[in-house]
Amino acid sequence: MADLLELEGVHTDIDQHHILQGVSLRVRPGAVTVLLGRNGAGKTTTMRTIMGVLRPRRGAVRFDGRPIHALAPHAIARLGIGYVPEGQGIFATLTVDENLRVAMLADTAESRDRLRRALVLFPDLERFRDARAGTLSGGQKQMLAIARAFVNPTRLLLIDEPSKGLAPIVIEHLTAALATMKEHATVVLVEQNFAMASRLGDDCYVMDDGRTVHAGPMASLAADQALKRKYLGV
Amino acid sequence: MRRAVPPLLGLALLLLPLLAIEPRAWLTLTVAGLAMGMLVFLVAAGLTLIFGLMDVLNFAHGALFSWGAYAGFSVALLVNGRWGWADSPSVLANAGLLLLAVAGAVVVSSALGIVLERVIVRPVYGQHLFQILITLGATIVLEELIRIAWGPNDQVMPVPVTFKGSWDVADLVVVLRFPIIAIALGAAVYAGMWWLLHRTRVGLIVRAGVENKEMVQVMGHDIHRYFTAVFAAGSALAGVGGLMWGMFNQSIRPAMGGEQLIFAFIVVIIGGLGSVTGSLVGALLVGLSYNYVAYLVPKAAIGVTMAIMVLVLLVRPTGLYGTGK
């Protein structure tokens, strides 16, 4: 089957800094592709380049075979790409319900059904539906951020470091929820937590210094101690 | 609990001058203060939304205020010249003239606002210094255009007779009419904005955008369309503010906007950048204190509004209702 997302030799600058220096990756439909790498390797910049928040200087981003790197972020989102940014990006002064409503692009039967499923997956959100999102715990905020990206019939979900700053028990819950969700979506996951990454991931890419330096099945990386030590320090 | 503090302070400020001012003068000053506050609110509300959502410091807001006043003035002159609706004793004709003048101000100011946003503001998003320079430049051009079109001198604004003069309440107090109209209009605008922001989908997206515009974009909303709409709405409010201010003073001048802009910025800072409710509270605070102090110690009037701003910034650097972004 053709790849859902493809990055080919992508170079991206932030101000004068040349952050991405040739990122190439392919995302198979239905699979969870994990991006690994040390802090500063360019994982978040890769996600922001896919979403069109940053514009690549060179290279191409293709979604479903179609180049998208010249499109505005809102147009990219409307192709069916959901984004859960690092640090969640929730609207703290809005209620949980309002956060979900901003996210829902069309009030269709399918979206309502997806919302219902997300609330089953994350019952806390149902419980605090009228609370201000800023009052939620870190784990609940992450659940809200994921639910927001899930309510639209997205074909691709980009999730950036969902486990960051969360307690182990919360990470456990989140991993289980994401494992359920991966049956309905293709996912690109940036994750530092190796246990979570290896449980969810099908394919993996390792990034270093703004380049993709390794590609392969997640299972083979998990077994490769030398590679893990070299690029991930684990 | 904390949210109750600003309204309570406001109430204290309202009643405190009674210690020094006799009740009848106090009532007159209070009505004038509320009216001034509501008029400043019209200008500040647009400014705060434009800053809150778009992070744009729009110094041309004052010029849009003047343009609204002049556009409304021309409509009022035309309507009164043709049908005599300002001089007519009919309340209906008077209200009709006011509505048409407001419509003229809205159309001209919002159209100018859209042109400003598309042509000169869009290239300088995210660059405050350039925004200040280019919008100040636009202010000069727009003011000079007023001088060319309407002449450099003050113009006498036709005010419908119903809104002139005063009502005697039980032969006890004299309440000026126009300030009451201004207060009612300000309250209606606030209610309308609240409804729009809190009860409609567009308002929901705008509120989300004030907090995190990048997130709104990556959720699939074309933020630039909302920017233009908010800029147009803010400009329309400035224009209506200018027209009402002109009717309040019964005269208009090309430079009137610049003077009001200072008040509006003070109000936006007191209320908290991006908060409409904050702007309302801030505007009423400024309007009332300005009038009380102008009665007691005329020379200190502007100084007191500055002092309130400094005080608020010392206690709450984000303003009364600001979220501190």
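Within each chain, residue numbers correspond to sequence positions counted from 1 in written order. Naming scheme: in the order in which they are written, chains are lettered from A and ligands are numbered from 1. Where totals are concerned, whole chains, interfaces and linings use all residues; where local detail is concerned, this predicted model gives features only for residues with pLDDT of at least 70, and gives and counts side-chain atom pairs only at 80 or more.

### Notes on the interface of chain B and chain A
Inference 1: The contact criterion used here is simple: two residues whose C-beta atoms, placed from the backbone, lie within 7 Å are in contact. The interface is formed by 17 residues belonging to chain B together with 18 residues belonging to chain A.
Inference 2: Contributions of two or more residues to the side of chain B that touches chain A are made by α7 (201-211) and α8 (213-218) of chain B.
Inference 3: In the scheme used here, Gly and all other residues not listed as nonpolar or charged are polar, with Ala, Val, Leu, Ile, Met, Phe, Trp, Tyr, Cys and Pro taken as nonpolar and Asp, Glu, Lys and Arg as charged. Taken together, the residues that form the side of chain B that touches chain A break down as 8 nonpolar, 5 polar and 4 charged. Every helix listed is a DSSP run of H or I at least four residues long, and every strand listed is a run of E at least two residues long, numbered separately from the N terminus.

### Remarks on the packing of helix α4 (residues 91-121) of chain B against helix α9 (residues 223-249) of chain B
How two helices pack is summed up by the angle between their axes together with the distance between the axes.
Residues and elements named next belong to chain B.
Inference 1: Two elements in contact, α4 and α9, have axes whose closest approach is 7 Å; the angle formed by their N-to-C orientations is 140°. The orientation of α4 with respect to α9, classified from their angle, is oblique. Seen from above, α4 lies across α9 with right-handed handedness. Contact with α4, carried on its side by Ala101, Val102, Ala105, Val106, Val108, Ser109, Ser110, Leu112, Gly113, Ile114, Glu117 and Arg118, involves Phe227, Thr228, Phe231, Ala232, Gly234, Ser235, Ala236, Ala238, Gly239, Val240, Gly242 and Leu243 of α9 and no other residues of that element.
Inference 2: Here the contact of α4 with α9 is built from residues that sort into 14 nonpolar, 8 polar and 2 charged. Here an angle of 0 to 180 degrees is reported between the N-to-C directions of two axes, which are lines fitted to C-alpha atoms, with helices fitted over the stretch in contact. Throughout, the term roughly parallel applies to angles under 35 degrees, roughly antiparallel to angles over 145, roughly perpendicular to angles from 65 to 115, and oblique to all others. Left-handed describes a crossing whose near helix is turned anticlockwise from the far helix by less than a right angle; the clockwise case is right-handed.

### Overview of the domain arrangement of chain A
All names here are of chain A.
Inference 1: Partitioning chain A into structural domains gives domain 1 (1-80 + 158-234) and domain 2 (93-154).
Inference 2: An automatic or database domain assignment provides the domain bounds reported here. Relative placement of domain 1 and domain 2: their C-alpha centres are 23 Å apart.
Inference 3: Each side of the interface is counted separately: domain 1 has 12 residues, and domain 2 has 10 residues.
Inference 4: Here the side of domain 1 that touches domain 2 takes 5 residues from helix α7 (residues 168-181), the largest share from any one element.
Inference 5: Within the side of domain 1 that touches domain 2, the residues separate by chemical class into 8 nonpolar, 3 polar and 1 charged.

### Focus: the nonpolar core
Inference 1: For this entry, the nonpolar core is defined as buried Ala, Val, Leu, Ile, Met, Phe, Trp, Tyr and Cys residues connected by C-beta atoms within 7 Å. Here the C-beta atoms are placed from the backbone, and a residue counts as buried if at least 20 other C-beta atoms lie within 10 Å of its own, exposed if 12 or fewer do, and partly exposed otherwise. With 174 residues, the main nonpolar core has Leu158 of chain A together with Val40 of chain B as its most contacted residues.
Inference 2: Element by element, the count of residues in this core is highest for helix α2 (residues 23-54) of chain B, at 20 residues.
Inference 3: Taken domain by domain, this core gets at least three of its residues from each of domain 1 (1-80 + 158-234) and domain 2 (93-154) of chain A.
Inference 4: The contact partners of valine 40 of chain B, leaving out residues within four places of it in the chain, are Gln260, Phe263, Ala264, Val267, Ala283, Val286 and Gly287 of chain B.

### Considering the sheet that holds strand β10 (residues 211-217) of chain A
All names here are of chain A.
Inference 1: In this scheme, strands are said to pair when DSSP sees at least two bridges between them. Within the open sheet, the 6 strands sit side by side as β6-β7-β8-β3-β9-β10. Their pairing is mixed. The open sheet terminates on both sides in strands that have one partner only, identified here as β6 (81-84) and β10. Along the sheet, successive strands turn relative to each other by an average axial angle of 15°, direction set aside.
Inference 2: Each of β6 and β7 (156-160) is contacted by helix α6 (residues 138-150), which is oriented at about 170° to β6, the strand it contacts most.
Inference 3: Along the sheet, helix α10 (residues 225-232) makes contact with β3 (32-36), β9 (203-208) and β10, crossing β10 at roughly 150°.

### Quick word on the sheet that holds strand β1 (residues 5-14) of chain A
Residues and elements named next belong to chain A.
Inference 1: Pairing is antiparallel in the open sheet, where 4 strands are placed in the order β2-β1-β4-β5. Edge positions in the sheet fall to β2 (17-27) and β5 (66-67), since each has one partner strand and no second.
Inference 2: In this sheet, β2 lies alongside β1 in antiparallel orientation, the contact comprising 8 bridges. Bridge pairing links isoleucine 14 to histidine 17 in β2.

### A short note on the confidence of the model for chain B
Inference 1: Confidence in the prediction of chain B, expressed as mean pLDDT, is 90, and 98% of residues score 70 or more.
Inference 2: Our summary of model confidence lists the complex with pTM equal to 0.86 and ipTM equal to 0.92. Scored from 0 to 100, pLDDT records how confident the predictor is in each individual residue.

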